[in-house]
Amino acid sequence: MALSDRLQYYRRIFNAYLLPGKSQLTFWHETPTLNPAMSKEKLGEYYMLFSEKADYAGVHDPSGIPKLDYHGQIGPQYNPIAIAQWGLGNYNLLIRTREAERNKRFLAASDWLCANLEPNQSGLAVWNHYFDWEYRDTLKSPWYSGLAQGQGISLLVRAYVHTDNNSYLEAAKKAFACFHRSVAEGGVTFTDGHGDLWFEEYIVSPPTHILNGFIWASWGVYDYFLATNDPTALQLFQSAVRTLETNLSRYDLGFWSLYEQSGTFLPMVASNFYHHLHIVQLNVMYKLTGNEIFARFADRWASYARSRSKRTRALCYKCAFKLCYY
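The present account deals with the structure reproduced in this document. Within every chain, residues take consecutive numbers counted from 1 along the sequence as written. A pLDDT threshold of at least 70 governs which residues receive local features in this predicted model, and a stricter bar of 80 or more applies before side-chain atom pairs are shown or counted, although totals over entire chains, interfaces and linings include all residues. Values shown for side chains rest on all heavy atoms present in the structure; no hydrogens or waters enter the calculation.

For the rest of this paragraph, the subject is the packing of helix α8 (residues 211-228) against helix α9 (residues 231-247). Packing of α8 against α9 leaves a shortest axis separation of 8 Å and a crossing angle of 155°. The angle between the axes of α8 and α9 places the two elements in the roughly antiparallel class. Here α8 and α9 pass one another in a crossing that is left-handed. Judged by residue contacts, Leu 211, Phe 214, Ile 215, Ser 218, Val 221, Tyr 222, Tyr 224 and Phe 225 of α8 engage Ala 233, Leu 234, Leu 236, Phe 237, Ala 240, Thr 243 and Leu 244 from α9. For this classification, Asp, Glu, Lys and Arg are treated as charged, while Ala, Val, Leu, Ile, Met, Phe, Trp, Tyr, Cys and Pro are nonpolar and the rest, including Gly, are polar. Taken together, the residues of the contact of α8 with α9 break down into 13 nonpolar, two polar and no charged. Angles run from 0 to 180 degrees between N-to-C directions of axes, and those axes are lines fitted to C-alpha atoms, restricted for helices to the stretch in contact. Helix and strand definitions here come from DSSP, where helices need a minimum of 4 consecutive H or I residues and strands a minimum of 2 consecutive E residues; each element is numbered from the N-terminal end. Roughly parallel covers angles under 35 degrees, roughly antiparallel covers those over 145, roughly perpendicular covers 65 to 115, and oblique covers all other angles. For any helix crossing, the convention is left-handed if the near helix is rotated counterclockwise from the far helix by under a right angle, and right-handed if that rotation is clockwise. Any two residues whose heavy atoms approach within 4.5 Å are treated as being in contact.

The structure is reproduced here in structure tokens:
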């Protein structure tokens, strides 16, 4: 990252983390919570609650669609992942309350996803982010994400089941095509040297295998299978499960979880929020698959979070990484 870009980055994250007022973190940092009403047998309520996200009090456009305020030169922006999660949170509440406002928001998010699905350079349908984002390699606008593809699908297939409107399913089918293509081909998958299949949140080379994004994307693949009974979707999900089983130990530092496989001398330790998100995601994976390894790692990482010394050690690692890398 160039010096000028790094200074802008530090200025933006200082404003987001340390100054009063709302930022994009206001949306993302809801307490991660497993939805006890989730089902692995059919498309019902989403696997996490997203209750606070459903009532996001930040910036909205005139149509009511949320925009996240990234501060600095980026400012308020549409984020397809946030819009999908906002819609999923309202869907959960719609199923419980049958309130018209929840239905309105759920369908508004679904309609936005349909309207904003567009071809990338390889002709695959994606949800683009129209702002540059500081990462290991700066993601230049427009950029797309395996996480956005997965969560967009999770919302659209529920909209299809809820309304029987085939346009939602058609949009989900278009978005799902990315999971059949590698990153090199314009898709969102990467097969490593061991034959393990990954869904990449950020499309960079070499890939970084962001853990939370990989898991969330895999739920979109599973939801597509539940909606369509497409055997290729089930095969993709099973491959993702095997990848997670094989590689979870690589994300365990012995005192905290890793956010990604950064390939740097200092590892990119998960923030407190993402560490707790990993725990919830692994508990969902256990419920979806029955595989005990996910429950064991969830319990182990929960024990790390209860230790003050391990929390402090993780924070020091995280700060050092941010200062040295991204």
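Moving on from the model shown.
Residue Pro 142 is reached from Ser 141 by a cis peptide bond, and omega for that bond is -5°. Tracing the chain through its elements places Pro 142 in the loop between β4 (125-127) and α6 (146-163). Look at the link from Ser 205 to Pro 206: it is a cis peptide, with omega at 0°. Along the polypeptide, Pro 206 turns up in the loop between β6 (197-199) and α8. Of note in the backbone geometry, Phe 50 takes a positive phi value of approximately 55° without being a glycine. If you trace the backbone, Phe 50 turns up in the loop between α2 (24-28) and α3 (51-54). By relative accessible area, Phe 50 is classed as buried at 2%. The residue Asp 164 is not glycine, and still its phi comes out positive at about 60°. With respect to the secondary-structure elements, Asp 164 resides in the loop between α6 and α7 (166-176). A 1.4 Å probe rolled over the protein chains alone gives each residue an accessible area, and that area as a share of the maximum for its type sets the label: buried under 20%, exposed over 50%, partly exposed in between.

Looking now at the packing of aromatic side chains. Working definition: a ring pair exists when centres of Phe, Tyr or Trp rings (six-membered ring for Trp) sit within 6.5 Å. Plane angles under 30 degrees give stacked, over 60 give edge-to-face, the rest tilted. According to the stated counting rule, one finds 29 aromatic pairs in the structure shown. On the basis of an interplanar angle of 80° and a centroid distance of 5.1 Å, the ring pair of Phe 321 and Tyr 326 is categorised as edge-to-face. Residues Phe 321 and Tyr 326 agree in their burial class; the two are buried. Working rule: Lys NZ or Arg CZ, within 6 Å of ring centre, within 35 degrees of ring normal, means a charge sits over the ring. Above the face of the Phe 297 ring, Arg 300 is positioned so that its terminal group lies 4.5 Å from the ring centre. One residue, Lys 318, lies across the ring of Tyr 259, its end atom 5.5 Å from the ring centre.

Points on a 1 Å grid over protein atoms alone make up a cavity when a 1.4 Å probe fits among them but cannot get out, and a pocket when they form an open set with protein on both sides within 12 Å along at least five of seven lines; lining residues each have an atom within 4 Å of a point. Grid points are joined across faces, edges and corners, and a volume is the space filled by probe spheres set on the points. Within the structure shown, the criterion is met by one cavity of 30 Å³ or more. In this structure, the largest cavity occupies an estimated 30 Å³ of space. Along the walls of the largest cavity sit Trp 28, Glu 30, Pro 32, Met 48, Phe 50, Lys 53, Trp 216, Phe 273 and Leu 277, which together make up its complete lining.

What follows deals with the packing of helix α5 (residues 100-115) against α7. At their nearest, the axes of α5 and α7 sit 10 Å apart, and the two run at 50° to each other. Compared by their axis directions, α5 and α7 come out oblique. For the pair α5 and α7, the sense of crossing is left-handed. Here Leu 107, Ser 110, Asp 111 and Cys 114 of α5 lie close against α7, whose contacting residues are Ser 167, Tyr 168 and Ala 171.

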